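Listed below are the residues making up each chain.
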Amino acid sequence: MWEQKWVIGNWKMNGRLQNNNALMHRFRILPQADKVCIGLAAPTVYLLQLHNAMQIVLNNRILTCAQDVSRFPGNGAYTGEVSAEMMADTGVDIVLIGHSERSLYFGEKNEIQRQKMENVLNVGLTPLLCVGESLEERESGKAKDVIAHQLSILAGLDTQDIAVAYEPVWAIGTGKVATVAQIAEMHAFIYEQILSLCSEGVRIRVLYGGSVNAGNAADIFAVPCVDGALVGGASLAYDSFTAIINAAQES
């Protein structure tokens, strides 16, 4: 897993039982992709459906990923929350933390994200921290400062494995994609920051996200320090998601 390219699909608030079943049925015969770690992040209500369906995929293990998790551990009077323990109980492997849409719509900042990271690690799951700057922050020359602040929650975590997804906010769902030079510069910077924050020997995966599709995936995977992709809309269709997986396999 930590030597493979990662291709993680984020369905966001999309999906219905019947449509999910149809899509999962197609994934059961996905061609072999031994160089790729494949995951799908479904809405919480569909995680068990996804996990159960993925047990009979023929050629690949497809990881079950959650889009978010509660900052509260264990059990308690937190109506509407879903704990990391519950995620583990339903077969989740990876949990997205700090997606920009969580910050934008729910005001989540570093302190909450750190709590979520610790909860996920404490139950043996893998957190995937999402970082990214706004267009205003990039144009004002503050992009690296913003990313460094977001990455600061990694300091002192009890783990040897760090996974980060760099998603410039201005490229999420807009059709705009950062240039190869912009991606290379930021991914190298993220690697440097992780190495400075974490213990020696840490294993790192840094994914790019932001309007990744079948047409641009190969170019993105060829960029140094790009270890995979966090895919939005293109993960909702078998053909486009498979094309991205194939591009990762061939990179």
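All values reported here derive from a predicted model rather than from experimental measurement.

## A few points about helix α1 (residues 17-27)
Alright, step 1. Inspection of α1 places N20, L23, M24 and F27 among the buried residues, and these make up the whole buried set. The buried residues of α1 occupy an angular sector of 100° when projected down its axis, which confines them to one face. Every exposed residue of α1 that faces more than 90 degrees away from the buried side is listed here: Q18 and H25.
Alright, step 2. Taken together, the buried residues of α1 touch β2 (36-42), α2 (47-54), β3 (62-66) and α10 (238-250).

## Some details on the nonpolar core
Alright, step 1. Within the largest apolar cluster, 68 residues are counted, with the highest numbers of intra-cluster contacts made by F27, L154, I190 and I194.
Alright, step 2. When sequence neighbours within four positions are dropped, the list of residues in contact with I190 reads V131, I147, L151, V164, Y166 and V206.
Alright, step 3. One finds W2, I8, L63 and I94 within the second-largest nonpolar core, a separate group that totals 15 residues.

## With respect to the UniProt feature "active site" (unreviewed entry) in the protein
Alright, step 1. Under the feature "active site" (unreviewed entry), the UniProt entry names H99 and E167. In three dimensions, the annotated residues from a span of 69 residues occupy one location, with a maximal C-alpha spread of 8.5 Å.
Alright, step 2. Positionally, H99 belongs in the loop between β4 (94-97) and α4 (100-106).
Alright, step 3. When residues no more than four places from it in sequence are discounted, the contact partners of H99 are N10, K12, C130, E167 and I172.
Alright, step 4. Setting aside chain neighbours within four positions, we find E167 in contact with H99, C130, V131, G132, E133, I172, G209, G210 and L230.
Alright, step 5. Here H99 takes part through its side chain, which lies 3.1 Å from a polar atom of the side chain of E167.

## A short note on a nonpolar patch on the surface
Alright, step 1. A contiguous nonpolar patch, built from L104, Y105 and F106 and spanning about 410 Å² of accessible area, is present on the exposed surface.
Alright, step 2. Within the element layout of this structure, L104 appears in helix α4.

## A few points about the pattern of salt bridges
Alright, step 1. Tallied over the full model, the rule gives 12 salt bridges.
Alright, step 2. In this structure, E101 and K12 form a salt bridge, with 2.8 Å as the shortest nitrogen-oxygen distance. Highlighted residues: E101 in helix α4 and K12 in the loop between β1 (5-10) and α1, separated in sequence by 89 residues.
Alright, step 3. Here E101 falls in the partly exposed class, since its relative accessible area comes to 27%.
Alright, step 4. Since its relative accessible area comes to 23%, K12 is described here as partly exposed.
Alright, step 5. We note a salt bridge from R26 to D239, for which the minimum N-O separation is 3.4 Å. With R26 in helix α1 and D239 in helix α10, this residue pair connects regions lying 213 residues apart in the sequence.
Alright, step 6. Put simply, D68, R102, E108 and K116 are held in one network by salt bridges that share partners.

## Describing the UniProt feature "binding site: substrate" (unreviewed entry) in the protein
Alright, step 1. The UniProt record marks N10, W11, K12, G173, S211, G232 and G233 with the feature "binding site: substrate" (unreviewed entry), using the residue numbering of this structure. A compact arrangement is adopted by the annotated residues: their sequence extent is 224 residues, whereas the largest C-alpha distance between any two is 13.7 Å.
Alright, step 2. Relative to the elements of secondary structure, G173 occurs in the loop between β6 (161-166) and α8 (180-197).
Alright, step 3. G173 sits in the exposed class, given a relative accessible area of 73%.
Alright, step 4. Position of S211 relative to the elements: it lies in the loop between β7 (203-209) and α9 (217-221).
Alright, step 5. Each residue touching S211, except ones within four places of it in the same chain, is listed here: A171, G173, T174, G175, K176, V177 and N216.
Alright, step 6. One polar contact links the side chain of S211 to the main-chain carbonyl oxygen of A171, over a distance of 2.7 Å.

## Quick word on the side chain of D68
Alright, step 1. If you trace the backbone, D68 turns up in the loop between β3 and α3 (84-89).
Alright, step 2. Looking at D68, its side chain comes within polar contact range of the side chain of R102, at 3.2 Å.
Alright, step 3. A polar side-chain atom of D68 sits 2.8 Å from a polar atom in the side chain of K116.
Alright, step 4. Beyond its immediate sequence surroundings of up to four residues, D68 is in contact with M87, V95, L96, R102, E108 and K116.

Cut-offs used in this document
Residues numbered from 1 in each chain as written. Predicted model: local features only at pLDDT ≥ 70, side-chain atom pairs only at ≥ 80, totals over all residues. Heavy atoms only, no water. Buried < 20%, exposed > 50% of the residue type's maximum accessible area, 1.4 Å probe, protein only. Helix = DSSP H or I, 4+ residues; strand = E, 2+ residues; numbered from the N terminus. Arc of directions from axis to C-beta. Contact = heavy atoms within 4.5 Å. Core = buried A, V, L, I, M, F, W, Y, C linked by side-chain atoms within 4.5 Å. UniProt positions renumbered as here; feature names shortened; annotations may be inferred. Polar contact = N/O pair within 3.5 Å; in protein donor to acceptor, adjacent residues only side chain to side chain. Patch = residues over 30% accessible without salt bridge, like charges linked within 9 Å, V, L, I, M, F, W, Y side chains within 5 Å. Areas by Shrake-Rupley, 256 points an atom, 1.4 Å probe, with all protein chains shown as cover. Salt bridge = Lys/Arg side-chain N within 4 Å of Asp/Glu carboxyl O.

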